[in-house]
Amino acid sequence: MKSIENRMKNSHSRRDFVKGLSAATLAALSAGAPRAWAADSESARPKATADSMILLWMGGAMSQTESFDPKRLSEFKAGMETKSLICTYPQIDTVCDPIKFCAGVENLSKVIDRGSLIRSYVAREYGALAEDLQHIPFQYKWHTGYPTPSTVPAPFIGAWLSKVLGPLNPDLPPYIEICRSEKTANVFLSLGAFNPSGFFGAEHGPLFVPDPRTAVETISSRIDVKRFENRYAKFKAAVEASPVSDVSSSFQKESMVNSMESAYRLMRSPSVKAFDLAQEPKKLYDEYNTGQFGLGCLLARRLVENRARFVEVHVDFENAKGWDTHSDGHVGQGKMKEVIDRPVARLIRDLEERGLLDRTLVVLATEFGRAAAGRGSTKAKTISKPTEFGLHGHFASAASLLMFGGGVKKGIVYGKTRDEFPCDTVENPVYIHDLHASIYKCMGISPKAAFDVEKRPFYATRDGKGKAIGEVVG
């Protein structure tokens, strides 16, 4: 009976979410051009310590106690209590004593002296073990700083940087996303695309590069200029003729056309070569190549070398796969650490060797943490087989993230979690508004930056109240 009630509750939350997203989309289409709120000014901006940002997104919820926040080691034993399962990997040393990581991230353990570790990200302010903690709404919250559903479509971080700061290289879109797709058939879960530009308009949305291995072909598209110009003219006509035109403002239509013009400019620019991974030495290419994500890190480095403003590389969320370890968690987490460890560490070193790390903010993050009890095969009070061994449940009260580069202090650990179950945050909790304020401070944007939406201010951090974490970003 309880499981039926849970499914009904989740079903209602999904319908509410989709309805809210639809309302927000209509609001975005009908809105006029957003204008900077009068109370905010460029003079109020903090001095930027970074010019570019790379976000490495661990979609699906990376387990904190199996990666960057190790606890007491648990060995598998049939019949063991679920709550006794805290950590299934041994601790390893890092270059920063006394910071410890879990086995499987040996390469990252050697570069943590270039950045800071936050162990106390709290996805929401209530409920540690959460059966109703759904991935997509919390991915949305992490990227925007705002909950959903809402009547106002909130812009993602990349859109804020695009709108407020603009491009560093006029031929490169200021907002690029790599390796994000819609792999799952579940409509609720596949709404990963959302509307990343929010109320800023399509021209501040991302350029999507689904597969870094074919990025240059995707971008150049091998269409001759005359053929493209013909398609461009038809595109503009289609925008005007579309039923969407009945509800969309002239600003939104112009923004869609501007996004097409940006694509056209990139296709004809020498900057398109930045997307060609074949230009990399084979030895370095192979070091990054743990799959699409690893090569996405290599592409991100090439783009930042060519002065891209914001690049996000995804470990894409796919239900019950990747980081979404609801079963066989120990094995699954191990495989995912193999995917990220070598290329992320190589990215940090490459940026440093090229003199780019000091002006590039790199953040590795996930939507929420994981715990031994909760969803998946660990609903039982005891564990009976190896596939139940690992951290499975959605966990709201702690997650770890890494920050490197422009403006970030080095060798710092911020926040603390409980050593025993449920390993929730006990010191210096970090909420999304303060985390975003920290990111925006590095990039030179005030947490109080705001735009007029529906005749009221919409802030970069919720209500403009975000405060940068001084211990991490100064």
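Our structure is the block above this text.
The structure reproduced in this document is the subject of the present report. No experiment lies behind these values; they were computed from the predicted model shown. Throughout, residues of each chain are indexed from 1 in the direction in which the sequence is written. In keeping with the model being predicted, local features are shown solely for residues with a pLDDT of at least 70 and side-chain atom pairs are shown and tallied solely at 80 or more, while totals for entire chains, interfaces and linings include all residues. The side-chain quantities take in all heavy atoms of the structure and omit both hydrogens and water.

## Quick notes on the overall build of the chain
Scanning the chain from N- to C-terminus turns up 12 helices and 19 strands. Of all 474 residues assigned to the chain, the portion counted as buried reaches 55%. Two residues qualify as a contact provided that any one of their heavy atoms is within 4.5 Å of a heavy atom in the partner residue. Sequence-distant contacts, at least 24 apart, represent 78% of the contacts inside the chain between residues at least 6 apart. All accessibility values rest on the Shrake-Rupley procedure with a 1.4 Å probe; residue burial counts only the protein chains present in the view. Accessible surface, the chain: about 19900 Å² in total, of which carbon and sulfur atoms supply 51%. What counts as a helix is a DSSP run of H or I of at least four residues, what counts as a strand is a run of E of at least two, and both are numbered from the N terminus. Burial classes follow relative accessibility: with a 1.4 Å probe on protein chains only, a residue under 20% of its type's maximum area counts as buried, one over 50% as exposed, and anything between as partly exposed.

## As for the packing of aromatic side chains
We call Phe, Tyr and Trp rings a pair once their centres come within 6.5 Å, taking the six-membered ring for Trp, and we label the pair stacked below 30 degrees between planes, edge-to-face above 60, and tilted otherwise. Overall, the coordinates contain 13 aromatic pairs when judged by the stated rule. With a centroid separation of 4.8 Å and an interplanar angle of 65 degrees, the aromatic rings of Phe199 and Phe200 are classed as edge-to-face. Phe199 gets classed as buried once you look at its relative accessible area, which sits at 3%. One aromatic cluster is present, formed by Tyr146, Trp160, Phe199, Phe200, Tyr440, Phe451 and Phe458 through successive ring pairs. Sitting over the face of the ring of Tyr89, Lys337 holds its NZ or CZ atom 3.4 Å from the ring centroid. Cation placement over rings: the criterion is NZ of Lys or CZ of Arg within 6 Å of the ring centroid and within 35° of the ring normal.

## Focus: the sheet that holds strand S18 (residues 450-453)
Any two strands between which DSSP finds at least two bridges are classified as paired. Spatially, the 3 strands line up as an open sheet ordered S1-S18-S19, and their pairing is antiparallel. In this open sheet, the two strands that pair with only one neighbour each are strand S1 (35-36) and strand S19 (456-459). The pairing of S18 with S19 spans 4 bridges and is antiparallel. Looking at S19, one finds that Val453 is bridged to Arg456.

## Thoughts on the packing of helix H3 (residues 135-144) against helix H11 (residues 432-443)
Fitted lines through C-alpha atoms give the axes, limited to the stretch in contact for helices. The angle between two N-to-C directions lies from 0 to 180 degrees. Where H3 contacts H11, the axes come no closer than 9 Å and their chain directions differ by 40 degrees. On the basis of their axis angle, the class for H3 and H11 is oblique. Contact residues: H3 offers Lys141, Trp142, His143 and Thr144, while H11 offers Ile432, Leu435, His436 and Ile439. Taken together, the residues of the contact of H3 with H11 sort by class into 4 nonpolar, 3 polar and 1 charged. Orientation categories follow fixed angle ranges, with anything under 35 degrees roughly parallel, anything over 145 roughly antiparallel, 65 to 115 roughly perpendicular, and all other angles oblique. Put simply, Ala, Val, Leu, Ile, Met, Phe, Trp, Tyr, Cys and Pro go in the nonpolar bin, Asp, Glu, Lys and Arg in the charged bin, and everything else, Gly too, in the polar bin.

## Concerning the side chain of Arg180
Note that Arg180 resides in the loop between strand S7 (175-178) and strand S8 (207-209). Counting of polar contacts relies on pairs of N or O atoms within 3.5 Å, with two restrictions inside protein: one atom must be capable of donating a hydrogen and the other of accepting it, and residues adjacent in sequence are counted only when both atoms are side-chain atoms. Looking at Arg180, its side chain comes within polar contact range of the side chain of Glu177, at 3.2 Å.

## Overview of H11
The length a helix should cover is 1.5 Å for every residue beyond the first. Taking 1.5 Å of rise per residue, 12 residues should cover 16 Å, and H11 covers 16 Å from first to last C-alpha, within 8% of that figure. When we look at burial in H11, the residues that qualify are Ile432, Asp434, Leu435, His436, Ala437, Ser438, Ile439, Tyr440, Cys442 and Met443. Backbone geometry just after H11 places Gly444 at a positive phi near 85 degrees.

## Some points on the sheet that holds S8
Across the sheet, which stays open at both edges, the 8 strands sit in the order S8-S7-S9-S2-S10-S14-S6-S15 with mixed pairing between neighbours. Each of the sheet's edge strands pairs with one partner strand only, and the pair in question is S8 and strand S15 (412-414). On average, each strand axis in the sheet is inclined to that of its neighbour by 15 degrees, with strand direction left out of account. Each of strand S2 (52-58), S7 and strand S9 (310-315) touches helix H4 (residues 157-165); the most contacted strand, S9, lies at about 170 degrees to it.

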